[in-house]
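Working through the structure, step by step
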Amino acid sequence: MKEAEYYEKLPEGVVSCTLCPHNCHIARGKRGICKSRVNVDGVLCSEVYGHPCAVAIDPIEKKPFRMFYPGSSCLSIACTGCNLRCLNCLNFEISQVEPVKAERYDLSPADIVEIAQREGQKIIAYTYTEPLTYLEYVRDTARQAHERGLKNVLVSAGYVNVKALNDLLPWLDAANIDLKSFSDDIYRRVSGGSLRPVLDTILRMKDAGVWLEITHLLIPTVNDDAGMFRQMCGWLTAHHLASAPLHISRFFPLYKMSHLYATPLSTMQRAERIAREEGIEHVFLGNV
């Protein structure tokens, strides 16, 4: 366990976490929404720093990245925790649990970099859960990776405050941001977050020169409205992101949305057509 950054001490031992837009006020012995940051006697600690729950080697396309070092592989790491509560979460077994309820390894940032080099991997991916909830670990690992000539890629929902993001940006080479909807109401109902911080993250990454790819999961009856999807694509092109690859991903029933049906292929094809009409240059259909 390591003292976290990005927090303020309040009276009576309460702390205010400033890592993400939730700005959780956390009493002694309690956790933030992400479940990985805990108040220990008035000190906010990251319980997952140096304790990944998953370490694997994946093709870069699995993240998904289609135009960042295509054909390469990467060392993927994840810790438990997420600051969203998506009803369709793919990795809920590790993203929605407390750290002690998942398998954990003891691996420092230097250990991760050493493993990557030993296995011949030139890219480290921070993925599977929400890497921004253990940003200090990601940042420290990414910095050491850069010093050894490795690339860093982030797979994230982009729900983070500005200061924390700015501390990470110098060490990021690429990011795939999961843009879940173009409706603040849907963000709140389905994921327990809001849209604006995600859009801000995307723009700050673009301005910092981070290679960006965008993923958008089309969920039937939830976010598959053609007009809203067109609006999202229009926003991307208006903000000079027409060349950023857009991954339109097919939904399958899962977790708390097991009552829904898989996204029809006709809906996927319609979305691809709309994206191209709005000027998106690289459109990829996933899970089809």
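Refer to the preceding data block for the structure.
For clarity, every value in this text was computed on a predicted model and none was experimentally measured.

In this section: the sheet that holds strand S5 (residues 37-40). Taken in spatial order, the 3 strands line up as S1-S6-S5 in an open sheet, and their pairing is antiparallel. Only two strands of the sheet have a single neighbouring strand rather than two, namely strand S1 (2-3) and S5. Pairing of S5 with strand S6 (residues 43-46) involves 4 bridges; the strand directions are antiparallel. By the bridge assignment, Arg-37 is partnered in S6 with Ser-46.

Here the focus is the layout of surface pockets. Taken as a whole, the largest pocket encloses approximately 1200 Å³ of empty space. If you go around the largest pocket, you meet 45 residues; those closest to its centre are Lys-63, Leu-90, Asp-178, Thr-215 and Ser-249. Looking at the lining of the largest pocket element by element, the count peaks at 4 residues for helix H5 (residues 184-191). Residues that form the lining of the largest pocket fall into these classes: 21 nonpolar, 16 polar and 8 charged.

With that settled, consider the pattern of salt bridges. Under the defined criterion, the tally for this structure stands at 20 salt bridges. We note a salt bridge from Asp-58 to Lys-62, for which the minimum N-O separation is 3.5 Å. Here Asp-58 falls in the buried class, since its relative accessible area comes to 5%. The class for Lys-62 is exposed, based on a relative accessible area of 53%. Arg-118 is the salt-bridge partner of Glu-119, the closest N and O atoms lying 3.8 Å from each other.

This part covers the packing of aromatic side chains. Counted according to the given criterion, the structure contains 5 aromatic pairs. Both rings, one in Phe-92 and one in Tyr-255, keep their centres 4.3 Å apart while their planes meet at 15°; by these two values the pair is stacked. Within this pair, whereas Phe-92 is found in helix H1 (residues 92-95), its partner Tyr-255 is found in the loop between strand S13 (246-250) and helix H8 (265-277), the two being separated by 163 residues in sequence. Taking the relative accessible area as the measure of exposure, Phe-92 reaches 26% and is therefore partly exposed. Judged by relative accessible area, Tyr-255 falls into the partly exposed class, the value being 27%. Grouping aromatic residues by their ring pairs yields a cluster made of Phe-65, Phe-68 and Tyr-69. Note that Lys-2 overlies the ring of Tyr-49, its terminal NZ or CZ placed 5.1 Å from the centroid.

What the rule picks out here adds up to 0 disulfides. Take Cys-24: it sits in no disulfide, and the sulfur closest to it among the cysteines is that of Cys-20, at 5.9 Å. Accessibility expressed as a relative area gives 15% for Cys-24, which makes it buried. Here Cys-74 stays free of any disulfide, with the sulfur of Cys-53 as its closest cysteine sulfur at 16 Å.

Turning to the sheet that holds S13, a few remarks are in order. On the basis of which strands lie adjacent, the open sheet formed by 8 strands has the order S7-S8-S9-S10-S11-S12-S13-S14 and mixed pairing. This sheet does not close on itself; its edge strands, each paired only once, are strand S7 (54-59) and strand S14 (283-286). Taking the axes of each pair of neighbouring strands and ignoring which way they run, one obtains an average angle of 20° across the sheet. Here strand S10 (residues 151-156) runs beside strand S11 (residues 174-178); their pairing, made up of 4 bridges, is parallel. Residue Val-153 lies in a different strand from S11, and its bridge partner there is Ala-174. Those strands touched by helix H2 (residues 109-118) are strand S8 (73-78) and strand S9 (123-126), and its axis lies near 155° from that of S8.

Looking now at the nonpolar core. Within the largest apolar cluster, 86 residues are counted, with the highest numbers of intra-cluster contacts made by Leu-179, Ile-202, Met-205, Phe-229 and Leu-246. Broken down by element, this core gets its largest block of residues, 6 residues, from helix H7 (residues 226-238). Contact partners of Ile-202, with chain neighbours within four places excluded, come to Ile-177, Leu-179, Leu-212, Ile-214, Trp-235 and Leu-241. Grouped together as the second largest cluster of nonpolar side chains are 9 residues, Phe-65, Cys-74, Ile-123 and Ala-174 included.

Our next topic: the pairing of S6. Across 2 bridges, the pairing between S1 and S6 is antiparallel. Each bridged residue has a counterpart across the sheet, and for Glu-3 the counterpart in S6 is Cys-45. Counted along the chain from S5 to the antiparallel partner S6, the turn is 2 residues long, and its residue Asp-41 has a positive phi close to 55°.

Reading guide: rules and limits
Residues numbered from 1 in each chain as written. Predicted model: local features only at pLDDT ≥ 70, side-chain atom pairs only at ≥ 80, totals over all residues. Heavy atoms only, no water. Pairing = 2+ DSSP bridges. Helix = DSSP H or I, 4+ residues; strand = E, 2+ residues; numbered from the N terminus. 1 Å grid on protein atoms, 1.4 Å probe; cavity = no way out; pocket = protein on both sides within 12 Å on 5 of 7 lines; lining within 4 Å. Points joined across faces, edges and corners; volume = space filled by probe spheres on them. Nonpolar A, V, L, I, M, F, W, Y, C, P; charged D, E, K, R; others polar. Salt bridge = Lys/Arg side-chain N within 4 Å of Asp/Glu carboxyl O. Buried < 20%, exposed > 50% of the residue type's maximum accessible area, 1.4 Å probe, protein only. Phe/Tyr/Trp six-rings, centres within 6.5 Å; stacked < 30°, edge-to-face > 60°. Lys NZ or Arg CZ within 6 Å of the ring centre and 35° of its normal. Disulfide = S-S within 2.5 Å. Axes fitted to C-alpha atoms, helices over the stretch in contact; angles between N-to-C directions. Contact = heavy atoms within 4.5 Å. Core = buried A, V, L, I, M, F, W, Y, C linked by side-chain atoms within 4.5 Å.

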